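Fold and geometry: a report
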Amino acid sequence: MATDSATIPAVAAAVEDDARTAGQRILQLFSLFVGGGYLFYLVLVMPNIAQAMDVMDTWWTVTAVVLIFGTGLCVGIFALRSSIEVLRRTAAIAAIGFLVALALWPLGWTGDLIDSERGMWFTQFNGLAAIVAAAAWRGRWAFVYLVVVTVVCQLINHEIRVPEANGPVLPEMAWGFAFCLVPFSAAVMGIRTAGILDATRESAYAAAAEAAGTQARALERTRFDALTHDGVMSTLLGAARQGASERLASQAKRTLADMDGFQEQTSGTDVVPANAAVAQLRSAVVDVDPTMTLDVTRSDEAGSYPVDVVLTVAAATSEAVRNSVTHAGAGASRTVAASFEVDSIRVDVVDDGVGFDPRSVPPQRLGLAVSIRRRLAVLDGGSATVDSHPGRGTRISIMWSRP
């Protein structure tokens, strides 16, 4: 089956569906920054923590250090290998941990005062906690978080310091808020920009997938027209000129079989029988590599499938084989196996080639993200997975289940 590689030059690139998005990369950088910030402040405020133990119960100090620094360091630890969801959950836990430590503070205070302008140690980096909140939640809620922690931290400082070390509380609140606002705003804008980039990328992939599907259907119609001209017309002309013969009968049978294997798409509700679906997939494989065979397992109950599904699965299979031929290496062997059940189709394209790490593929390359995964995503019940490791080959699974 012809594919859309002429329209999308990068369609033969390595699979990048698992590659990091702009949002994930930026969130990972923020997470590394946050983890490094918590480590820096842990070292910086150790003397202040020791000083504060004179006025705070030990249980609170231990609990606060775990809630604040333990969760904050975890944000940095999980930065490189975690998904966006995991990073956001970890950031949310760190932000909540800071709030819990503040809420428990009155229970741990002995009532004694600190003779220091610095006040409590956790008030020296409440802006860092607000940046964590910006990574976890929407900007407006992170802004509320910044206001809350700034006010509470300044109130705690005003309460625990000796009167001589205190200044007017409102100017201190305003100064603390203004000091934290610049890095906080930069964090919010960076994360928001990353979200816009991701949305643009998603839209571009969806448009490319739609274009790929449109061209695939147009090419399929062209192939059917060519089949009609070359097969049907030559058979009819042969019958008119030579009359009935065994050779002509054999040609007519082959033409009918080919037409069964290449059903013209007329509407989204059309269906094709299982044998035509098998022929379509076999043609998609052979068009790329004439030496390949399609191993087929078909249930006795398998009846018919929507033509959109058959064409899409066949096009995705063709692209998977093409990528294997292009990237697996000269000495690689490959197999293509298809399973047809009453309500599902599954195709596995497997090779023992060089393999690759999907995370290392640059996100700007479309590759199989459009030609396989996105193409399947537009189908109800369609999906595709890629399993590959350097030196261990690649498996691409193309699946559809009737909704």
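Heads up: these notes are all about the structure in this document.

**Looking at the overall build of the protein**
The number of helices and strands found in the protein is eleven helices and seven strands. Within the span of the protein, comprising 403 residues, buried residues form 45% of the whole. When contacts within the protein are restricted to residue pairs at least 6 apart in sequence, long-range pairs at least 24 apart make up 79% of them. For the protein, the exposed surface amounts to about 19,700 Å²; the carbon and sulfur share of it is 61%.

**Let's talk about the packing of aromatic side chains**
Applying the stated rule across the entire model yields 17 aromatic pairs. Each ring, one from F40 and one from Y41, has its centre 5.4 Å from the other, and the planes form 75°; the classification is edge-to-face. Ring geometry for W60 versus W121: centroids 6.1 Å apart, planes at 55°, classification tilted. Residue W60 is located in helix 3 (residues 58–77), and its partner W121 is located in the loop between helix 4 (84–108) and helix 5 (126–136); the two are separated by 61 residues in the primary sequence. Judged by its relative accessible area of 0%, W121 falls in the buried class.

**Some remarks on empty space enclosed by the protein**
Where empty space is left can be seen by rolling a probe of water-molecule size over the atoms. On inspection of all chains with the given rule, the structure shows two cavities of 30 Å³ or more. One number sums up the size of the second largest cavity: a volume of about 30 Å³. Along the walls of the second largest cavity sit F30, S31, V34, V75, A91, I131, V132 and A135, which together make up its complete lining. Looking at side-chain class alone, the lining of the second largest cavity contains seven nonpolar, one polar and no charged residues.

**Considering helix 10 (residues 307–327)**
Under the 1.5 Å per step criterion, the end-to-end length of helix 10 is 30 Å for 21 residues, consistent within 8% with the ideal 30 Å. Positive phi appears at G329, one or two residues downstream of helix 10, with a value of about 110°.

**Concerning the sheet that holds strand 4 (residues 334–341)**
One open sheet accounts for five strands, arranged 2-4-5-7-6; its pairing is mixed. Only two strands of the sheet have a single partner each, and these edge strands are strand 2 (294–298) and strand 6 (382–388). The mean inter-strand angle of the sheet, taken between neighbouring strand axes irrespective of direction, is 10°. Here eight bridges tie strand 5 (residues 344–351) to strand 7 (residues 394–401), and the two strands are oriented antiparallel to one another. Bridging across to strand 7, I345 finds its partner in W400. Relative to strand 2, helix 9 (residues 274–288) is tilted by about 160°, and along the sheet it contacts strand 2, strand 4 and strand 5. Along the sheet, helix 10 contacts strand 4, strand 5 and strand 7; its crossing angle with strand 5, the most-contacted strand, is approximately 5°.

**Here's the deal with the pattern of salt bridges**
Under the defined criterion, the tally for this structure stands at five salt bridges. With a shortest N-O distance of 3.7 Å, E319 and R322 are connected by a salt bridge. One end of the pair is E319 and the other is R322, both in helix 10 and three residues apart, which spans about a single turn. Residue R322 is classed as partly exposed on the basis of its relative accessible area of 22%. Across the pair D348 and R395 runs a salt bridge whose closest N-O atoms are separated by 3.7 Å. On the criterion of sequence distance, the pair formed by D348 in strand 5 and R395 in strand 7 is long-range, its members being 47 residues apart. A relative accessible area of 37% places R395 in the partly exposed class. Here the residues in one salt-bridge network are R346, D348 and R395, joined through shared partners.

**So, the layout of surface pockets**
By volume, the largest pocket is sized at about 510 Å³. As for the largest pocket, its lining consists of 21 residues, of which T123, Q124, F125, N126 and F179 are closest to the centre. When residues of the lining of the largest pocket are traced back to their parent elements, those giving at least two are helix 1 (22–44), helix 5, helix 6 (139–160) and helix 7 (169–242). The dominant element in the lining of the largest pocket, judged by the number of residues it contributes, is helix 7, at six residues.

**As for the pairing of strand 5**
Strand direction decides the pairing type here: strand 4 and strand 5, joined by eight bridges, are antiparallel. Note on strand 5: the bridge partner recorded for A337 is D348. If you look at the hairpin formed by strand 4 and strand 5, you'll find two residues sitting between the two strands.

Rules used throughout
Residues numbered from 1 in each chain as written. Predicted model: local features only at pLDDT ≥ 70, side-chain atom pairs only at ≥ 80, totals over all residues. Heavy atoms only, no water. Helix = DSSP H or I, 4+ residues; strand = E, 2+ residues; numbered from the N terminus. Buried < 20%, exposed > 50% of the residue type's maximum accessible area, 1.4 Å probe, protein only. Contact = heavy atoms within 4.5 Å. Areas by Shrake-Rupley, 256 points an atom, 1.4 Å probe, with all protein chains shown as cover. Phe/Tyr/Trp six-rings, centres within 6.5 Å; stacked < 30°, edge-to-face > 60°. 1 Å grid on protein atoms, 1.4 Å probe; cavity = no way out; pocket = protein on both sides within 12 Å on 5 of 7 lines; lining within 4 Å. Points joined across faces, edges and corners; volume = space filled by probe spheres on them. Nonpolar A, V, L, I, M, F, W, Y, C, P; charged D, E, K, R; others polar. Expected span 1.5 Å × (residues − 1). Pairing = 2+ DSSP bridges. Axes fitted to C-alpha atoms, helices over the stretch in contact; angles between N-to-C directions. Salt bridge = Lys/Arg side-chain N within 4 Å of Asp/Glu carboxyl O.

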